[in-house]
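A closer look at the structure
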Amino acid sequence: MDTKILKPTQEGIKAACDILKNGGVVAIPTETVYGLFADATKADACANIFKAKERPQDNPLIVHISDYEMLKDVASEIPEDAIKLSEAFWPGPLTIILKKKNVIPDETSAGLDTVGIRMPSNPVVLEIISKTRLPLAGPSANRSGRPSPTDAITVFNDLNGRIPLVLDGGQCKIGVESTVISLVDEQPILFRPGYVTARQIEEVLDKKIIISKGISEELQRGEKVLSPGLKHKHYAPKAEVVIVNAPFEKYKELVEKENATALCFDEYCDKLKVDCISYGSENDSASQAVKLFHALRELDEIKANKVYAMMPSTDGVGLAVYNRLLRAAAFRVVNL
Ligand code: TXA
Ligand code: MG
């Protein structure tokens, strides 16, 4: 199959809508990362997503909607907290897990009786959902296990020959995937940190939320997994990455002694006598979110073997950055 890249002109959008209505898959930009989309109500269409990505069958897909009518079509119960969060953060980078309706087949929800729902704010994907009137299942548009793509050429490099079309809407504004919160039980549970922070959610709901195990530490064997995404291998470059929690002088001593590659903040690149890939500014978690996934792929491009990453702040959006980096590092952290 030839994989086309088109700009999201009226012609490009029409091509995408036609493929989706016929049960095919298309890569489309969102404000977080590029997604690989298909009709969430068609089991066969969603099977094509799993095939193209080589995604484990037990990992459910997020369903993307463009309005509240569609929310009622896919969720069987809409608690008060869901209304509060959607009013505060939709359209935007928040996925809310609710009990699903039967229009969402087991292939989409990986056999769960719940579904993650998100109304994205990127105008391209919103227009496509509202034109097709289809709730669209959409995981990140990378090969499973690789960093999520934040531009069209990265999608193409991962999925060339496996999908018919990539819409090129430029660089994603946020760069890490949506925050995932479950409202299935009485107390909300954060399954994945993102641009919408735990504190912002607590302020809107006026209650404490639970931060799921597995976000900032490795789950132990046999430990109960609340969201399948918490157990799968993620974002791994080919190099061995280790996060270093240390003052700069100690960090510098370590990377230079081992002649390793530095994954560091912009400010430090020219202070180190080793190969450097930077991932945003030290005191700006949002800039780190925008650049992290691209930086992880660059490590492969320069064929890095051993990588020492500077420890990011874990406050606010920083928790989303740390969560992705920790997985890329297979949970290896050293404190000096
Ligand atoms: O920003 C995003 O969320 C992007 C864009 C394309 O919208 N999508 C995305 O999808 O990141 P994906 O499939 O790469 O990640 C979805 C995560 C997985 O960790 C999955 O396990 C979890 O959400 N998830 C989805 N539905 C769930 C459910 N019903 N229960 C528990 N976890 C769920
Ligand atoms: Mg993903």
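The paragraphs below set out a description of the structure included in this document. Keep in mind that what you see is a predicted model, and the values were worked out from it rather than measured. (Residues numbered from 1 in each chain as written. Chains lettered and ligands numbered in written order. Predicted model: local features only at pLDDT ≥ 70, side-chain atom pairs only at ≥ 80, totals over all residues. Heavy atoms only, no water.)

**Structural notes on the pairing of strand β6 (residues 114–118)**
The buried fraction of β6 amounts to five of the five residues, a majority that puts the element mostly inside the structure. Side chains of β6 alternate between two faces, with Thr114, Gly116 and Arg118 and Val115 and Ile117 buried alike. Taken together, the four bridges between strand β5 (residues 94–99) and β6 define a ladder with antiparallel strand orientation. Note that in β6 the partner of isoleucine 96 across the bridge is isoleucine 117. (Buried < 20%, exposed > 50% of the residue type's maximum accessible area, 1.4 Å probe, protein only. Helix = DSSP H or I, 4+ residues; strand = E, 2+ residues; numbered from the N terminus. Pairing = 2+ DSSP bridges.)

**Digging into the environment of alanine 15**
Residue placement: alanine 15 occurs in helix α1 (residues 10–21). Considering only alpha carbons, one finds alanine 15 and valine 26, 11 residues apart in sequence, at a separation of 9.4 Å. When neighbours within four sequence positions are excluded, alanine 15 is seen to be in contact with Leu6 and Leu165. (Contact = heavy atoms within 4.5 Å.)

**With respect to the side chain of aspartate 158**
Looking at the element boundaries, aspartate 158 is found in helix α7 (residues 152–159). Classification of aspartate 158 by relative accessible area gives buried; the value is 7%. A polar contact of 2.8 Å, which involves the side chain of aspartate 158, links it to the backbone nitrogen of arginine 143. (Polar contact = N/O pair within 3.5 Å; in protein donor to acceptor, adjacent residues only side chain to side chain.)

**Observations regarding helix α2 (residues 43–53)**
All of the buried residues in α2 are Ala45, Cys46, Ile49, Phe50, Ala52 and Lys53. Buried residues in α2 make contact with β3 (35–39), α5 (106–109), β7 (136–137) and α7. A positive backbone phi angle near 55° is found at glutamate 54, which sits one or two residues after α2.

**Some points on the packing of aromatic side chains**
Centre distance and the angle of the planes are the two values used to describe a pair of aromatic rings. Under the criterion given, the structure shown has four aromatic pairs. A ring pair is formed by tyrosine 68 and tryptophan 90, whose centres lie 6.4 Å apart and whose planes are at 40°; its orientation type is tilted. Taken together, the residues span a long stretch of sequence, with tyrosine 68 in helix α3 (residues 68–74) and tryptophan 90 in the loop between α4 (80–89) and β5 at a distance of 22 residues. The class of tyrosine 68 is partly exposed, set by a relative accessible area of 36%. (Phe/Tyr/Trp six-rings, centres within 6.5 Å; stacked < 30°, edge-to-face > 60°.)

**Details of unusual backbone geometry**
Along the chain, tryptophan 90 connects to proline 91 via a cis peptide bond; the corresponding omega equals -10°. Note that proline 91 resides in the loop between α4 and β5. The backbone of lysine 303 sits at a positive phi, close to 55°, despite the residue not being glycine. Tracing the chain through its elements places lysine 303 in the loop between α10 (285–301) and β15 (306–310). By relative accessible area, which is 69% here, lysine 303 ends up exposed. Despite not being glycine, phenylalanine 331 shows a phi value in the positive range, around 70°. Summarising the element assignment, phenylalanine 331 is placed in the loop between α11 (318–328) and β16 (333–335).

The quantities given are spatial measurements derived from coordinates; they are silent on function.
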